Amino acid sequence: MEIIDIGKWDRKNSYQWFSSFRDTTYNVSAKIDVTPLVNFIKSRGLRFYEHMLYLAVRALNAVPDMRLRIRGNDVVRYDAPQPSFTVAKDDGTFDICLT
């Protein structure tokens, strides 16, 4: 874990601007052809969702800026943050899965 020195950070101005918002989260959507991945996983009798999550988290953790989090008044870069996911249950409800 590394605490970022905001005063020396090249993203200081962006951080300060976004910090003025009540909700500082963001989302990204993209169309990606995962047909080869689906075929690979299905050919082995495995479930797609868990493998897709693993690959997505691995890709995100490979980008240092995607490992940044705001903790209190600090910006922290984690070695490998552990995300949480929504998981559908057999009874039609949902749970949060913490990794």
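Scroll up to find the structure.
Every value quoted in this text rests on a predicted model; they were computed, and no experiment measured them.

Each value, and the rule that gives it
Residues numbered from 1 in each chain as written. Predicted model: local features only at pLDDT ≥ 70, side-chain atom pairs only at ≥ 80, totals over all residues. Heavy atoms only, no water. Helix = DSSP H or I, 4+ residues; strand = E, 2+ residues; numbered from the N terminus. Buried < 20%, exposed > 50% of the residue type's maximum accessible area, 1.4 Å probe, protein only. Contact = heavy atoms within 4.5 Å. Areas by Shrake-Rupley, 256 points an atom, 1.4 Å probe, with all protein chains shown as cover. Lys, Arg positive; Asp, Glu negative; His and termini not counted. Charge placed at Lys NZ, Arg CZ, Asp CG, Glu CD. Phe/Tyr/Trp six-rings, centres within 6.5 Å; stacked < 30°, edge-to-face > 60°. Polar contact = N/O pair within 3.5 Å; in protein donor to acceptor, adjacent residues only side chain to side chain. Salt bridge = Lys/Arg side-chain N within 4 Å of Asp/Glu carboxyl O. Pairing = 2+ DSSP bridges. Axes fitted to C-alpha atoms, helices over the stretch in contact; angles between N-to-C directions.

(A) Structural context of the overall build of the chain. When its secondary structure is counted, the chain shows 3 helices and 5 strands. Listed N to C, the secondary structure of the chain is β-α-α-α-β-β-β-β in terms of helices and strands. For the chain, the spread of C-alpha atoms along the principal axes amounts to about 50 × 30 × 25 Å. In the chain, which comprises 99 residues, the share counted as buried stands at 14%. Within the chain, counting contacts between residues at least 6 apart in sequence, those at least 24 apart form 36% of the total. Accessible surface computed for the chain: about 8400 Å², of which carbon and sulfur atoms make up 55%. Positive and negative side-chain charges of the chain, numbering 14 and 12 respectively, have mean locations separated by a distance of 3 Å.

(B) Inspection of the packing of aromatic side chains at higher detail. Counted under the stated rule, the structure contains 4 aromatic pairs. Between W9 and Y15 the ring centres are 5.9 Å apart and the planes differ by 55°, which places this aromatic pair in the tilted class. Like W9, the residue Y15 is buried in the burial classification. Centroid distance W17 to F21: 4.8 Å. Interplanar angle 65°. Geometry classified as edge-to-face. We classify F21 as partly exposed; its relative accessible area is 36%. An aromatic cluster is defined as three or more aromatic residues linked by ring pairs; in this entry it consists of W17, F18 and F21.

(C) Representation of the side chain of R67 within the structure. Tracing the chain through its elements places R67 in the loop between α3 (48-61) and β2 (68-71). A polar contact of 3.3 Å, which involves the side chain of R67, links it to the backbone oxygen of D79.

(D) Looking closely at the pattern of salt bridges. Within the structure shown, the criterion is met by 5 salt bridges. A salt bridge links D65 to R11; the nearest nitrogen and oxygen atoms lie 3.1 Å apart. A residue pair is termed long-range when its members are at least 10 positions apart, and D65 in the loop between α3 and β2 and R11 in the loop between β1 (2-4) and α1 (12-19) qualify at 54 residues. Between R47 and E50 there is a salt bridge, and its shortest N-O distance comes to 3.1 Å. Relative accessible area serves as the criterion here: at 59%, R47 is assigned to the exposed category. Three or more residues are tied together by salt bridges with common partners; here these are E2, R11, D65 and R77.

(E) Structural context of the sheet that holds strand β3 (residues 74-77). Pairing is antiparallel in the open sheet, where 3 strands are placed in the order β1-β3-β2. Lying at the two open borders of the sheet, with one neighbouring strand each, are β1 and β2. The mean angle between the axes of side-by-side strands here comes to 40°, regardless of whether they run parallel or antiparallel. Where β1 lies against β3, 3 bridges are found, and the strand directions are antiparallel. Paired with I4 across the strands is V75, a residue of β3.

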